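Geometric and topological summary
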Amino acid sequence: MTFTMPTHNEKAKYVQDQFNRIANGYDRCNDLVSLGMHRSWKHQAIKALNIKPTGNYLDVCCGTGDLTFIIAKSLTESGCVTGLDFSSKMLDIASSRSADFFAKHKHVGSIAFINGDALNLPFADNTFDGAIISFGLRNLTDFNQGINEISRVLKPQARLVNLDLGHPKPGLFTHVYNFYFNNIVPLIGETFQNERTAYTYLPKSLEQYPDAQGISTILTNANLTNVEYRNLACGTVALHWGTVA
Ligand SMILES: C[S@@+](CC[C@H](N)C(=O)[O-])C[C@H]1O[C@@H](n2cnc3c(N)ncnc32)[C@H](O)[C@@H]1O
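Quick summary incoming for the structure in this document.

What counts, and at which threshold
Residues numbered from 1 in each chain as written. Predicted model: local features only at pLDDT ≥ 70, side-chain atom pairs only at ≥ 80, totals over all residues. Helix = DSSP H or I, 4+ residues; strand = E, 2+ residues; numbered from the N terminus. Rg over C-alpha atoms; globule rule 2.2 N^0.38 Å. Buried ≥ 20, exposed ≤ 12 C-beta atoms within 10 Å, placed from the backbone. Axes fitted to C-alpha atoms, helices over the stretch in contact; angles between N-to-C directions. Parallel < 35°, antiparallel > 145°, perpendicular 65-115°, else oblique. Left-handed = near helix turned anticlockwise from the far one by under 90°. Contact = placed C-beta atoms within 7 Å. Near = placed C-beta within 6 Å. Nonpolar A, V, L, I, M, F, W, Y, C, P; charged D, E, K, R; others polar. Pairing = 2+ DSSP bridges. Expected span 1.5 Å × (residues − 1).

1. Quick word on the overall build of the protein chain
Regarding its fold elements, the protein chain presents nine helices and seven strands. Computed over C-alpha atoms, the radius of gyration of the protein chain comes to 17 Å, within 12% of the 18 Å expected from 2.2 N^0.38 for 245 residues, which places it in the range of a compact globule. With the C-alpha coordinates aligned to their principal axes, the bounding extent of the protein chain is approximately 50 × 40 × 35 Å. The burial tally for the protein chain puts 41% of its 245 residues in the buried class.

In C-alpha cells, the structure reads:
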C-alpha cells in the first residue's frame, strides 16, 4: 500500500477525518500500540502540571478525555477542567465516559467538553491555571501557533505541559523501535481497527515533528520560562513543561 502524507493545507481536515474514523476503538488500540504505557506517561504529565485543586484547567486535543478525567480527579468541586477537541466522534466517546466517571467519583472537579480548534481557542486571554496537550501538538498544522495559542489563554505563572512522541537516540534500540513503529503498529491498526492508514500516518507524523530540543525552543519562543523536558520510554516519548512569565 502506498501512503502519502497530507500537505500543509490538507492536514487539519485529514487529521479531523482520521480521528472521526478511528474514535471507536481508539482507546483499545492506544493500549495495544503503547503496550499500556500511555497510562503511566499521562500520569507523569499530570504531575508536571502541578495542579491546584480549586483551579481551572484546559486539556487541548483531549480526544476521548483520558487526561481530562485524571485532572478532574485531582480537583475539588470548586475546580473545573475543559477538554477541547475538533473531532466530534472523539468527543462523543469522551462525553459517554463522563456518566460512568461521575458515578464512580464524587467531590471531584466539573468537566466541560468543547468542540473547537486548538489553533484558535475559543477562550479569552489569561483564563486557565494550567493546560496540557497530549499526543496532540504533532497533529497540528502549525506547532508554534499551537503553543502560542495555549500560552495566550493561560494566566501568569500557569504551567503548560506537552506530552508527545520523541526521537530516540540512534542505536540498536532505534532499529528495533523503528521496525515496530513502521511495521507492527500499522498491522495492529489494520487488525484491530481495520484502519492501516491512520496507523501509518502515526509514525510518518513523527518525521515532521521536532526533537525534544526543538520543542523546548518552541516553548521558549512562546515566552514560557523554566522550560524543561524529560525523555520517557527510552526517548520514544518526550514530556515538556514550562511556566507562563
Ligand atoms: C492522538 S489523539 C490524543 C488524544 C488524547 N489527548 C490522548 O492523549 O489520548 C489527538 C487528538 O487531537 C485532536 N486534534 C488534532 N488537531 C486538532 C485541532 N487543530 N484542534 C482540536 N483538536 C485537534 C484529534 O481530533 C485527536 O482527538
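Once you've had a look at it, read on.
2. With respect to the packing of helix 6 (residues 143-152) against helix 9 (residues 212-221)
When two helices pack together, you describe them by how their axes are tilted relative to each other and by the distance separating the axes. Between helix 6 and helix 9, the shortest axis-to-axis distance is 9 Å and the interhelical angle comes to 45°. When the interaxial angle is binned, helix 6 and helix 9 end up oblique. When the axes of helix 6 and helix 9 are compared, the crossing they make is right-handed. Contact residues: helix 6 offers Phe 143, Asn 144 and Ile 147, while helix 9 offers Ile 218, Leu 219 and Asn 221.

3. Brief notes about the site of the ligand
As a structural note, the neighbourhood of the ligand is formed by 20 residues, with Cys 61, Gly 63, Ser 87, Ala 118 and Ser 134 the closest of them. When residues of the shell around the ligand are traced back to their parent elements, those giving at least two are helix 1 (8-22) and helix 4 (66-73). Its residues placed into classes, the shell around the ligand shows twelve nonpolar, five polar and three charged.

4. Digging into the pairing of strand 6 (residues 224-232)
Here strand 6 runs beside strand 7 (residues 237-244); their pairing, made up of seven bridges, is antiparallel. Bridging across to strand 7, Arg 230 finds its partner in Leu 239. Remark: four residues form the turn of the hairpin made by strand 6 and strand 7, two consecutive strands paired antiparallel; Ala 233 in that turn has positive phi of roughly 50°.

5. Concerning helix 5 (residues 88-104)
Working note: α-helix, 3.6 residues per turn, so residues spaced by three or four point in the same direction. With 17 residues, helix 5 should reach 24 Å at 1.5 Å per residue; the first-to-last C-alpha distance of 25 Å fits that figure. Among all positions in helix 5, only Met 90, Leu 91 and Ala 94 are buried. Looking at the buried side of helix 5, the elements it contacts are helix 1, helix 2 (26-33), helix 4, strand 2 (80-85) and strand 3 (110-115).

6. Considering the sheet that holds strand 6
The sheet built from seven strands is open, its strands ordered 3-2-1-4-5-7-6 with mixed pairing. One side of each edge strand has no neighbouring strand; the edge strands of this open sheet are strand 3 and strand 6. Going across the sheet, the axis of each strand differs from the next one's by a mean of 15°, ignoring polarity. As judged from the seven bridges shared by strand 5 (residues 154-165) and strand 7, these two strands associate in the antiparallel manner. Pairing of Leu 165 across the sheet is with Val 237, part of strand 7.

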